[in-house]
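Okay, here's what each chain looks like letter by letter:
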Amino acid sequence: MAVGSENKNPLVVKEARQIMNQWKYEVARELGINPPADGYWGNLTSRDCGAVGGHMVRKMIQMAESQLASKGTWK
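Because the structure is predicted, anything quoted here is derived from the model rather than measured. (Residues numbered from 1 in each chain as written. Predicted model: local features only at pLDDT ≥ 70, side-chain atom pairs only at ≥ 80, totals over all residues. Heavy atoms only, no water.)

1. A closer look at the pattern of salt bridges
Between side chains of opposite charge, a pair can form as their charged atoms come close. Using the following cut-off: Salt bridge, as applied in this entry: a Lys or Arg side-chain nitrogen positioned within 4 Å of an Asp or Glu carboxyl oxygen. Note on conventions: DSSP H or I runs of at least 4 residues are helices, E runs of at least 2 residues are strands, and numbering of each starts at the N terminus.
By the definition in use, this model includes one salt bridge. Taking the shortest distance from any N to any O, the salt bridge between Lys59 and Glu30 comes out at 2.9 Å. Taken together, the residues span a long stretch of sequence, with Lys59 in helix α2 (residues 46-71) and Glu30 in helix α1 (residues 17-30) at a distance of 29 residues.

Shown next as structure tokens:
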């Protein structure tokens, strides 16, 4: 999560903040992007940050579709 975005985009499950942040770093590494050690993503390009966010969304959609399909509610 971006610094200061906590109020603008609150998480539904507040306990997920740390896990989502860790996952963001994992996705960045998967894409070959060096995540910032200090937590400040402002020195990265918009393209790199967008790629990380876009890949996270893509993975979340895949997970949701898999869960729906396994429950038999996805047609």
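And the narrative resumes.
2. A closer look at the nonpolar core
For clarity, the cut-off: We call a set of buried residues a nonpolar core when its members are Ala, Val, Leu, Ile, Met, Phe, Trp, Tyr or Cys and they connect through side-chain atoms within 4.5 Å of each other. Any residue under 20% of the maximum accessible area for its type is buried, any over 50% is exposed, and the rest in between are partly exposed; the area is computed with a 1.4 Å probe on protein chains only. Here, residues are in contact when the closest pair of their heavy atoms is within 4.5 Å.
If you look at the biggest cluster of nonpolar residues, it comprises ten residues: Met20, Trp23, Tyr25, Val27, Ala28, Ile33, Trp41, Leu44, Val52 and Met56. Elements represented by at least two residues in this core include exactly α1 and α2. Top contributing element to this core by residue count: α1, with five residues. Non-local contacts of Trp41, meaning those with residues more than four positions away in its chain, are made with Lys24, Tyr25, Ala28, Pro35, Pro36, Cys49 and Val52.

3. Points about the side chain of His55
When you line up the elements, His55 lands in helix α2. In this structure His55 comes out as buried when scored by relative accessible area, which is 19%. The contacts of His55, once residues within four sequence positions are left out, are Val27, Glu30 and Leu31.

4. Things to note about the packing of α1 against α2
What counts is decided by this rule: Axis definition: a line fit to C-alpha positions, over the contact stretch in the case of helices; interaxial angles, taken between N-to-C directions, run 0 to 180 degrees. Oblique is the label for any angle not under 35 degrees, not over 145, and not in the 65 to 115 range, which are roughly parallel, roughly antiparallel and roughly perpendicular in turn. Classification convention: Asp, Glu, Lys, Arg as charged; Ala, Val, Leu, Ile, Met, Phe, Trp, Tyr, Cys, Pro as nonpolar; all other residues, Gly among them, as polar.
One can describe the packing of α1 onto α2 by two numbers: an axis separation of 9 Å at closest approach and a directional angle of 110°. With respect to α2, the axis of α1 lies roughly perpendicular. Between α1 and α2, the residues in contact are Met20, Trp23, Lys24, Val27, Ala28 and Glu30 and Val52, His55, Met56, Lys59, Met60 and Met63, respectively. When its residues are assigned to classes, the contact of α1 with α2 shows eight nonpolar, one polar and three charged.

5. Some points on the packing of aromatic side chains
Each aromatic ring pair is specified by the distance between its two centres and by the angle formed by the two planes. Cut-off, in case you're wondering: Classification of ring pairs uses Phe, Tyr and Trp, with its six-membered ring standing for Trp, and accepts pairs whose centres are within 6.5 Å; under 30 degrees between planes counts as stacked, over 60 as edge-to-face, and the remaining range as tilted.
Under the definition given, this model contains one aromatic pair. Arranged with centres 5.3 Å apart and planes meeting at 75°, the rings of Tyr25 and Trp41 form a pair that is edge-to-face. With Tyr25 in helix α1 and Trp41 in the loop between α1 and α2, this residue pair connects regions lying 16 residues apart in the sequence. Taken individually, Tyr25 and Trp41 each receive the classification buried, so the pair is uniform in this respect.

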